[in-house]
Amino acid sequence: MQFIEYPKCSTCKKAKKYLDDHKITYQDRMIKEETPTKEELTSWIKKYKIDIKKLFNTSGLKYKELNLKEKLNTMNEEEKIALLSSDGMLIKRPLLVTDNKLFIGFKEEEYKEIKK
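Residues numbered from 1 in each chain as written. Predicted model: local features only at pLDDT ≥ 70, side-chain atom pairs only at ≥ 80, totals over all residues. Heavy atoms only, no water.

**Remarks on the packing of aromatic side chains**
Thinking step 1. Tallied over the entire structure, the rule returns six aromatic pairs.
Thinking step 2. For the ring pair Tyr18 and Tyr111, a centre distance of 5.8 Å and an interplane angle of 80 degrees mean the geometry is edge-to-face. Placement of Tyr18 in helix H1 (residues 10-21) and of Tyr111 in helix H6 (residues 108-111) is noted, with a sequence separation of 93 residues between them. In terms of burial, Tyr18 and Tyr111 fall into one category: buried.
Thinking step 3. Within the aromatic cluster, the residues linked to one another by ring pairs are Tyr18, Phe103, Phe106 and Tyr111. (Phe/Tyr/Trp six-rings, centres within 6.5 Å; stacked < 30°, edge-to-face > 60°. Helix = DSSP H or I, 4+ residues; strand = E, 2+ residues; numbered from the N terminus. Buried < 20%, exposed > 50% of the residue type's maximum accessible area, 1.4 Å probe, protein only.)

**Overview of the nonpolar core**
Soluble globular proteins tend to pack their nonpolar side chains together in the buried interior.
Thinking step 1. In terms of nonpolar packing, the biggest core is built from 26 residues, with Trp44, Leu55, Leu84, Leu95 and Leu102 touching the most fellow members.
Thinking step 2. Discounting chain neighbours no more than four positions away, the residues touching Leu95 are Gln2, Phe3, Ile4, Pro36, Trp44, Leu55, Leu102, Phe103 and Ile104.
Thinking step 3. Leu19, Leu96, Phe106 and Tyr111 belong to the second largest nonpolar core, which has 10 residues in total. (Core = buried A, V, L, I, M, F, W, Y, C linked by side-chain atoms within 4.5 Å. Contact = heavy atoms within 4.5 Å.)

**Digging into the pattern of salt bridges**
Thinking step 1. Going through the model one piece at a time under the given rule, you end up with eight salt bridges.
Thinking step 2. Between Lys16 and Glu5 there is a salt bridge whose closest N-O contact spans 2.8 Å. In this pair, Lys16 sits in helix H1 while Glu5 sits in strand E1 (residues 2-5), placing the two residues 11 residues apart along the sequence.
Thinking step 3. Using a relative accessible area of 22% as the deciding quantity, one classes Lys16 as partly exposed.
Thinking step 4. With a relative accessible area of 3%, Glu5 lands in the buried category.
Thinking step 5. Here Arg29 makes a salt bridge to Glu34, at a shortest N to O gap of 3.9 Å.
Thinking step 6. Salt bridges sharing common partners tie together Glu5, Lys16 and Asp28. (Salt bridge = Lys/Arg side-chain N within 4 Å of Asp/Glu carboxyl O.)

Okay, here's the thing in structure tokens:
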């Protein structure tokens, strides 16, 4: 299980605390230093049948700076994946990658589905 986070993010801290409190083991990965690659993003989208729009951190400064609300509508999937892989701050976090699900963001109800 891979936990991809930005340590200063309050949502990431809550998710990490939940995992630790429930003794769920995971491999920690920093999203800025080790941004998910195009290959990883592509495989997650296919494997977990995810709408690529859900991967964008729509409340992030970078998203707003780049005016992505407007631009994403004109981009194809390949361009969106390239953009996401270029900067970890564009990706909604935390990401928790398990064998059978990709958790995007933190919702305690969803985390209850995690198998230790």
